[in-house]
Amino acid sequence: MRLLIIGGSDAGISAALRARELRPEVDVAVVLADAFPNYSICGLPFYVSGETGDWRQLAHRTEFPGIELLCNRVAESIDVGRKVVIIRTPEAITQTLAYDKLIIATGAKPLIPDVPGIEHVHPLHTMGDSFTVHEKVTSGKVRRAAVVGVGYIGVEMADALTHRGIEVELVGRSRSVLPTVDPEIGAVIREQLESRNVRVLTGIEIERIRRTDGGLALDGTGGLASTVDLIVWATGVSPASDVARSAGIDTGIRGACKVTRRMETNLPDVYAAGDCVETWHRVLQTYLWLPLGTTAHKQGRVAGENAVGGDAEFAGALGTQVVKVFDLAIARTGLLDHEAKAAGFSPLTSYAEPYDHKAYYPSAEKLHIRVTGDALSGKLLGAQIAGNWKAEVAKRIDVFATALFHQMDVDEMNALDLSYTPPLGSPWDAVQIAAQAWTARQLSVGKRRQENR
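Scoring rules and cut-offs
- Residues numbered from 1 in each chain as written.
- Predicted model: local features only at pLDDT ≥ 70, side-chain atom pairs only at ≥ 80, totals over all residues.
- Heavy atoms only, no water.
- Patch = residues over 30% accessible without salt bridge, like charges linked within 9 Å, V, L, I, M, F, W, Y side chains within 5 Å.
- Areas by Shrake-Rupley, 256 points an atom, 1.4 Å probe, with all protein chains shown as cover.
- Salt bridge = Lys/Arg side-chain N within 4 Å of Asp/Glu carboxyl O.
- Lys, Arg positive; Asp, Glu negative; His and termini not counted.
- Charge placed at Lys NZ, Arg CZ, Asp CG, Glu CD.
- Helix = DSSP H or I, 4+ residues; strand = E, 2+ residues; numbered from the N terminus.
- Buried < 20%, exposed > 50% of the residue type's maximum accessible area, 1.4 Å probe, protein only.
- Pairing = 2+ DSSP bridges.
- Axes fitted to C-alpha atoms, helices over the stretch in contact; angles between N-to-C directions.
- Contact = heavy atoms within 4.5 Å.
- Core = buried A, V, L, I, M, F, W, Y, C linked by side-chain atoms within 4.5 Å.
- Expected span 1.5 Å × (residues − 1).
- Phe/Tyr/Trp six-rings, centres within 6.5 Å; stacked < 30°, edge-to-face > 60°.
- Lys NZ or Arg CZ within 6 Å of the ring centre and 35° of its normal.
- Left-handed = near helix turned anticlockwise from the far one by under 90°.

### Details of a positive patch on the surface
Here's step 1: A grouping of Arg-441, Arg-448, Arg-449 and Arg-453 is seen on the molecular surface, where their side chains present a positively charged patch.
Here's step 2: Note that Arg-449 resides in helix α10 (residues 430-451).
Here's step 3: Look at Arg-449 and you get partly exposed, because its relative accessible area is 44%.

Spelled out as structure tokens, the structure:
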């Protein structure tokens with residue numbers, strides 16, 4: 001049996017490893033467009049900042065026993081009837097690769113709009129992109145930089161370039177920083193950025209980029225007119241599904257491949273996984289497009305198992321994410337208030353500021369925690385946390401994510417047997433204090449409703 005995988009990042013490599021683990025006799029080959037299998041896209045900002053000194057640490061595995069890596073080859077088309085994939089080599093030679101089972105794991109591609117002068121910007125999506133940006137920031141010729149995009153990569157790059165001693169302005173079209181969290185949390189992030197002298201400009205559309213004697217000029221709405229030496233473009237990604245779509249695979253949200261929870265496409269013996277596919281959401285019980293590395297790994301594992309005869313099913317994602325910006329960590333899981341309302345829930349969101357550990361022990365830090373639950377059923381729907389990056393923000397959002405995965409009520413979180421010692425927590429952990437704030441608000445709102453009847 002020959003298993004062919006298109007794409008050698010998170011989903012593709014996870015699929016290959018799982019297939020080989022279960023069926024060592026299967027012939028597994030991975031086609032990838034560059035020479036960096038399993039590199040960490042999430043780690044690129046830290047290579048640019050210098051915190052990760054050697055890029056090889058981001059692409060630390062170049063060999064996988066029993067897995068054939070076909071590097072620097074581009075998949076151009078799929079002939080489902082003949083069960084072959086047509087690829088192009090670096091020498092522009094066309095080759096035909098046969099398969100018995102096929103997994104498409106082509107990931108996502110940067111969103112680069114048709115703006116005049118867009119050829120002057122640099123995305124940060126591949127190892128090649130990071131080499132280019134790294135070379136520029138270490139050349140000593142970049143004193144001022146603009147990062148366009150206020151999402152995860154945007155705020156991380158603002159941190160990374162500041163780390164290099166570069167003056168940074170962060171420009172985005174949304175009204176708040178990191179629009180995947182509530183504006184109240186976005187305001188905390190903005191304050192952190194501005195405290196490090198990052199100029200934050202939100203609600204701005206870039207209209208034109210020009211090369212001038214002084215550098216690169218950005219013109220935009222709201223009177224934006226600035227000149228910088230480097231522009232990093234980080235306005236998001238879209239599914240890289242062109243090859244799949246041209247082969248006849250059904251696509252849906254934003255052009256992502258439609259799949260079952262077994263990661264099957266509508267074509268026989270063809271699976272798909274990762275950022276190029278729609279993702280089953282465990283709370284909403286429907287499909288979204290949710291490009292995340294953690295999700296891609298899980299989907300790839302399911303696809304790899306089923307491609308060699310297994311019967312695995314993707315359990316569903318919650319959108320659990322965390323990002324570090326200077327001394328701040330920001331995390332979310334599940335639904336925001338407006339997302340829950342749009343889905344037909346009766347959301348109620350509370351806010352709490354518990355300390356990360358006992359206040360009498362030195363260096364206690366306040367956490368900003370927003371909890372969203374259904375006011376009628378009491379079910380947990382989502383949570384957001386912002387706080388010092390050493391204050392176990394990631395661990396605490398994982399507690400919410402675990403509770404959400406198991407469909408717990410908000411109040412049930414108080415029964416969780418969580419660890420405690422004064423330097424690290426409290427008898428009621430911060431997540432439980434936040435849960436209690438939510439139930440108190442639910443009672444208060446319920447009483448007001450009764451009084452108004």
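Having seen the structure, we can now continue with the description.
### Digging into the sheet that holds strand β7 (residues 101-104)
Here's step 1: Read from one edge of the open sheet, 5 strands run β3-β2-β1-β7-β18, paired in parallel fashion. In this open sheet, the two strands that pair with only one neighbour each are β3 (67-70) and β18 (270-272). The average undirected angle you get between the axes of adjacent strands in this sheet is 20°.
Here's step 2: On the sheet, helix α7 (residues 293-307) packs against β1 (2-6), β7 and β18 and is oriented at approximately 170° with respect to β7.

### Thoughts on the nonpolar core
Inside soluble globular proteins, nonpolar side chains tend to come together where they are buried.
Here's step 1: Ranked by size, the top nonpolar core spans 53 residues in total, and within it Leu-3, Ile-78, Val-85, Leu-102 and Ile-104 carry the most contacts.
Here's step 2: With 5 residues, helix α1 (residues 10-22) is the largest single contributor of residues to this core.
Here's step 3: In contact with Leu-102, not counting residues within four places along its chain, are Leu-3, Leu-4, Ile-6, Ile-78, Val-85, Asp-269, Val-270 and Tyr-271.
Here's step 4: By size, the runner-up hydrophobic cluster in this structure holds 41 residues, among which are Ala-145, Leu-170, Leu-178 and Leu-193.

### Brief notes about α1
Here's step 1: Helix length check: α1 (13 residues) gives 18 Å between terminal C-alpha atoms against 18 Å at 1.5 Å per residue, within 8%.
Here's step 2: Listing the buried residues of α1 in full gives Asp-10, Ala-11, Gly-12, Ile-13, Ser-14, Ala-15, Ala-16, Arg-18 and Ala-19.
Here's step 3: The inward-facing, buried residues of α1 contact β1, β2 (27-31), β3, β7 and α7.

### Observations concerning the packing of aromatic side chains
Here's step 1: Throughout the structure, instances matching the rule amount to 5 aromatic pairs.
Here's step 2: Here Trp-280 and Tyr-287 contribute two aromatic rings whose centre-to-centre distance is 5.2 Å and whose plane-to-plane angle is 70°, an arrangement assigned as edge-to-face.
Here's step 3: An aromatic cluster of three or more residues is present, and its members are Phe-36, Tyr-47, Trp-55 and Phe-131.
Here's step 4: Against the face of Phe-405 rests Arg-282, its NZ or CZ located 3.6 Å from the ring centre.
Here's step 5: In this structure, Lys-324 is placed above the aromatic ring of Trp-389, and the distance from its NZ or CZ to the ring centre is 5.1 Å.

### Examining the packing of α1 against α7
Here's step 1: Direction vectors running N to C along α1 and α7 enclose 35°, while the axes themselves pass 7 Å from each other. Helix-helix and strand crossings are classified by hand; for α1 and α7 the assignment is right-handed. Residue-level inspection shows Asp-10, Ala-11, Ser-14, Ala-15, Arg-18, Ala-19, Glu-21 and Leu-22 of α1 in contact with α7, the latter providing Gly-293, Ala-296, His-297, Gly-300, Arg-301, Gly-304 and Glu-305.

### Topic: the pattern of salt bridges
Here's step 1: Taken as a whole and assessed by the stated rule, the structure comprises 28 salt bridges.
Here's step 2: A salt bridge links Glu-68 to Arg-2; the nearest nitrogen and oxygen atoms lie 3.8 Å apart. Of the two residues, Glu-68 is situated in strand β3 and Arg-2 in strand β1; the sequence distance between them amounts to 66 residues.
Here's step 3: What makes Glu-68 partly exposed here is its relative accessible area of 36%.
Here's step 4: With a shortest N-O distance of 2.7 Å, Glu-21 and Arg-18 are connected by a salt bridge. Pair noted here: Glu-21 and Arg-18 are both in helix α1, with a separation of 3 residues, about one helical turn.
Here's step 5: In this structure Arg-18 comes out as buried when scored by relative accessible area, which is 13%.
Here's step 6: A single network of salt bridges, built from pairs that share partners, joins Arg-2, Asp-27 and Glu-68.

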